[in-house]
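For reference, the chains in residue letters:
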Amino acid sequence: MKPFLTTLSLAALAACTSSPAAKITETPAETRRAITQLLATQTAAWNRGDVAGFMQGYWRSDSLVFIGKKGLTYGWQPTLDNYRRNYPNAAAMGQLGFDNLRVTPDGPDAAHVVGRWHLTRPGLGDLQGHYLLVLRHLNGQWVIVADHSS
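Predicted model only: the values in this text are computed from it and were never measured.

Ring pairs (aromatic) are described by centroid distance and by the angle formed between their planes. Evaluated as defined, the whole model comprises 8 aromatic pairs. Consider the rings of Trp 46 and Phe 54, whose centres lie 5.0 Å apart with planes at 70°: the pair is edge-to-face. Residue class for Phe 54 comes out buried when judged on its relative accessible area of 5%. Here the aromatic rings of Phe 54 and Tyr 83 are separated by 5.3 Å at their centres, their planes lie at 80°, and the arrangement is edge-to-face. With a gap of 29 residues between them, Phe 54 in helix H3 (residues 51-54) and Tyr 83 in helix H4 (residues 76-86) connect regions that are remote in the sequence. Under the relative-accessibility criterion, Tyr 83 is labelled buried at 12%. Linked through ring pairs, Trp 46, Phe 54, Tyr 58, Phe 66, Tyr 83 and Tyr 87 together constitute an aromatic cluster.

Structure (structure tokens):
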């Protein structure tokens, strides 16, 4: 009987530690740091002229939504295609900067970011605007699931 109880206890412990309730969550400060790092990684990729690298910060899903001046775009691939069409080379991409960032955790698996973006593009004219990003913590990483940039 004792081996059976030991096995049952170990099985119960394993079930508890793998359940969502036993998940270790980030503090709000850790969430802010992780998301700020994600944005820094995206900025570095953009400034290298690497649109695909920039897109690694987005949820690779057909449910990703991008809202821009031309309307709604659903899906990771269509969003990438739009970026490539609108920014066909490094000169068109320019140098990206974010400022006035406000990263707000909305729970253990969700957050939003409000900020301003600016593209410095010598000879082509600078572009700038504001954005709201909605992020989720999925598969161990923060990803942008919705982007409203104007």
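Between its terminal C-alpha atoms helix H2 (residues 28-47) stretches 28 Å, which fits the 28 Å expected from 20 residues at 1.5 Å a residue. All buried positions along H2 are accounted for by Thr 31, Ile 35, Leu 38, Leu 39, Gln 42, Thr 43, Ala 45 and Trp 46. Within H2, the buried residues cover an arc of 165° as seen down the axis, which keeps them to one side. Of the residues trailing H2, Gly 49 is marked for its positive phi of about 80°.

With that out of the way, let us pick up a nonpolar patch on the surface. Nonpolar side chains collect at one region of the surface, where Val 114, Leu 132 and Val 134 lie side by side and expose about 200 Å² of accessible area between them. Given a relative accessible area of 37%, Val 114 falls into the partly exposed group.

The strands that make up a sheet are held in pairs by hydrogen bonds between backbone atoms, and each pair lies either parallel or antiparallel. Taking strand neighbours across the sheet as the criterion, the 6 strands line up as S2-S1-S6-S5-S4-S3 in an open arrangement whose pairing is mixed. Of all strands in the sheet, those bounded by a partner on one side alone are strand S2 (71-74) and strand S3 (95-107). Between one strand axis and the next, the sheet turns by 25° as a mean value, whatever way the strands run. Summarising the sheet, strand S4 (residues 110-120) and strand S5 (residues 127-138) pair through 10 bridges and their orientation is antiparallel. The partner of Gly 115 across the bridge, within S5, is Tyr 131. Sitting on the sheet, H2 touches S3, S4, S5 and strand S6 (141-149), and the angle it makes with S3 is about 155°. Together, strand S1 (65-68), S2 and S6 form the strand contacts of H4, whose direction differs from that of S2 by roughly 125°.

In this section: the pairing of S6. Most of S6 sits inside the fold, with 7 of its 9 residues counted as buried. Pairing geometry for S1 and S6, over 3 bridges, is parallel. What sits directly across from Phe 66, in S6, is Asp 147. Taking the residues between adjacent antiparallel strands as the criterion, S5 and S6 are bridged by 2 residues, where Asn 139 takes a positive phi near 50°.

About the criteria used
Residues numbered from 1 in each chain as written. Predicted model: local features only at pLDDT ≥ 70, side-chain atom pairs only at ≥ 80, totals over all residues. Heavy atoms only, no water. Phe/Tyr/Trp six-rings, centres within 6.5 Å; stacked < 30°, edge-to-face > 60°. Buried < 20%, exposed > 50% of the residue type's maximum accessible area, 1.4 Å probe, protein only. Helix = DSSP H or I, 4+ residues; strand = E, 2+ residues; numbered from the N terminus. Expected span 1.5 Å × (residues − 1). Arc of directions from axis to C-beta. Patch = residues over 30% accessible without salt bridge, like charges linked within 9 Å, V, L, I, M, F, W, Y side chains within 5 Å. Areas by Shrake-Rupley, 256 points an atom, 1.4 Å probe, with all protein chains shown as cover. Salt bridge = Lys/Arg side-chain N within 4 Å of Asp/Glu carboxyl O. Pairing = 2+ DSSP bridges. Axes fitted to C-alpha atoms, helices over the stretch in contact; angles between N-to-C directions. Contact = heavy atoms within 4.5 Å.

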